Amino acid sequence: MKKAVILGEQRATTVDVPDPQPKEDWALVKVHSVPMCTEYKAFLAGQKSEFLGHEAAGEVVAVAQPGRVQVGDRVVVMPFYPCGKCPLCVSGDYIHCEAAYDFDTFAGSPEGKATYAQYLLKPSWLLPKIPDGVSYDLGSLAVCGLGPSFGAFDLMGVDAFDTVLVTGAGAVGLGAVINAKYRGATVIVAESVPYRVERARLLGADYVVDPTSTDALEQIRSVTGGIGVDASLDCAGVVAAERLCIDATRRKGQVAFVGECNNDLAIRVSPDMIRKGLTIRGSWHYNLSLFPKIMQVIQHYPTIEKLISHVFPLTQVQQALELSASHECAKIILKPWA
Ligand SMILES: [Zn+2]
Ligand SMILES: [Zn+2]
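Bear in mind that the values here come from a model prediction, so they are computed numbers and not experimental data.

Asker: So what exactly am I meant to see when it comes to the coordination of the zinc ion (ligand 1) here?
Answerer: As a benchmark, a tetrahedral metal site with four donors has ideal angles of 109.5 degrees, while an octahedral site with six donors has ideal angles of 90 or 180 degrees. Protein ligation of the zinc ion (ligand 1) involves Cys 83 (SG), Cys 86 (SG), Cys 89 (SG) and Cys 97 (SG), the donor distances falling in the range 2.3 to 2.4 Å. Here the zinc ion (ligand 1) binds four donor atoms, and the angle range of 106 to 118 degrees at the metal identifies the geometry as tetrahedral. Each donor residue of the zinc ion (ligand 1) lies on one chain, and together they are spaced C-x2-C-x2-C-x7-C. Here the residue Cys 83 occupies a position in the loop between β5 (74-77) and α2 (87-90), and Cys 97 occupies one in the loop between α2 and α3 (103-107), the gap between them amounting to 14 residues.

If you want it as structure tokens, here you go:
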């Protein structure tokens with residue numbers, strides 16, 4: 001099969017490797033749609049990488065034993081290789097599993113764990129079915145495009161009474177606009193890249209604020225009559241945006257962080273949390289039981305296809321990674337068989 005690799009020095013290409021073989025309850029999936037995520041960071045850093053990607057949708061083409069999926073099933077490929085047995089996995093919060101498979105040991109080969117490839121292997125319980133009439137490309141948005149914000153808004157109970165702040169309008173933040181609007185909320189987006197500002201408006205954002213302007217906080221407050229938003233979601237993964245979420249949220253409001261960030265955020269417990277009565281939480285993905293609801297968003301959101309800005313054949317992974325690194329894009333999809 002073909003798969004994509006980063007050679008280092010901001011060069012990427014496709015190479016031929018052996019096809020993976022299914023085993024036990026793991027299925028072989030022919031990959032039809034590969035949403036790009038954070039892989040551009042390794043590309044920009046010049047890091048060699050042989051196994052790229054964690055998002056996909058495709059068709060089950062082989063199973064080693066009868067199980068939850070059958071050959072011909074159209075499926076979303078959920079990320080990682082969680083154990084499937086621990087309390088977190090059993091409850092559907094598999095994303096937090098601490099006993100994940102060692103893929104190479106289990107499969108007997110490292111091939112089949114990358115999504116930037118024509119085939120991959122996955123435990124069958126992590127292959128929920130795509131409803132009839134939903135394309136592979138749109139189905140694949142049920143991973144990082146719509147997933148993190150769906151999980152966070154579900155935890156925060158966001159609804160039509162709420163005004164929500166979304167900081168950062170990359171693919172995850174744009175997915176958050178869709179999820180918040182689907183729930184009926186009023187949506188304020190904080191974003192400065194013009195391409196993403198326009199895309200946020202296309203997808204239904206009610207207000208867009210430039211977070212680099214000195215009065216960004218006042219602008220957000222003025223939308224809410226000076227009170228502050230009911231809920232904030234950071235999708236930017238930078239400390240300034242996390243701080244804006246805390247400061248822009250009203251008393252007794254809620255803040256969730258889904259943007260990955262390894263830098264320190266200073267929280268002053270009394271003014272930020274105790275006196276405000278603020279709830280601040282981290283959220284990564286969504287409980288697997290919510291999958292049918294995400295499919296409803298995909299089926300019913302009128303401009304859902306605008307979350308995808310570009311589609312490339314996998315053979316053009318170099319151009320696709322360059323575009324992804326430029327931020328002049330929403331979700332980019334790679335097609336391994338084009
Ligand atoms: Zn587990
Ligand atoms: Zn992702």
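Anyway, onward from the coordinates.
Asker: How do you make sense of the layout of surface pockets when you look at a structure like this?
Answerer: The gaps of empty space that remain are located by a probe, the size of a water molecule, rolled over the atoms. For the second largest pocket, the calculated volume is near 270 Å³. If you trace the second largest pocket, you find 16 residues lining it, with Arg 68, Pro 123, Ser 124, Trp 125 and Leu 288 closest to the centre. When its residues are assigned to classes, the lining of the second largest pocket shows ten nonpolar, two polar and four charged.

Asker: I would appreciate a short explanation of the pairing of strand β7 (residues 163-167) in the present structure.
Answerer: Along a regular strand, successive side chains alternate from one face of the sheet to the other. Most of β7 is tucked away, with five of its five residues classed as buried. Along β7, one buried face is formed by Thr 163, Leu 165 and Thr 167 and the opposite face, lined by Val 164 and Val 166, is buried too. Direction of pairing for β7 relative to strand β8 (residues 186-190): parallel, over a ladder of five bridges. For Thr 163, the partnering residue across the bridge sits in β8 and is Thr 186. In this structure, β7 lies alongside strand β10 (residues 229-234), joined through four bridges in parallel fashion. Paired with Leu 165 across the two strands is Ser 232, which belongs to β10.

Asker: Sorry if this is basic, but what is going on with the packing of helix α8 (residues 216-223) against helix α9 (residues 239-248) here?
Answerer: For any two helices packed against each other, the geometry comes down to the angle between their axes and how far apart the axes lie. Remark: α8 packs on α9, axes separated minimally by 10 Å, with the N-to-C direction vectors making an angle of 40 degrees. Seen from above, α8 lies across α9 with right-handed handedness. Taking contact as the criterion, the partners of Leu 217, Ile 220 and Arg 221 in α8 are, on α9, Leu 244, Asp 247 and Ala 248. Along the lines of polarity and charge, the residues of the contact of α8 with α9 split into four nonpolar, no polar and two charged.

Cut-offs applied
Residues numbered from 1 in each chain as written. Chains lettered and ligands numbered in written order. Predicted model: local features only at pLDDT ≥ 70, side-chain atom pairs only at ≥ 80, totals over all residues. Heavy atoms only, no water. Donors = N, O, S within 2.8 Å, 3.2 Å for Na, K, Ca; no water. Tetrahedral: all angles 85-135°; square planar, octahedral: opposite > 155°, others 65-115°. Helix = DSSP H or I, 4+ residues; strand = E, 2+ residues; numbered from the N terminus. 1 Å grid on protein atoms, 1.4 Å probe; cavity = no way out; pocket = protein on both sides within 12 Å on 5 of 7 lines; lining within 4 Å. Points joined across faces, edges and corners; volume = space filled by probe spheres on them. Nonpolar A, V, L, I, M, F, W, Y, C, P; charged D, E, K, R; others polar. Buried < 20%, exposed > 50% of the residue type's maximum accessible area, 1.4 Å probe, protein only. Pairing = 2+ DSSP bridges. Axes fitted to C-alpha atoms, helices over the stretch in contact; angles between N-to-C directions. Left-handed = near helix turned anticlockwise from the far one by under 90°. Contact = heavy atoms within 4.5 Å.

The values reported here are purely geometric and, on their own, carry no functional implication.
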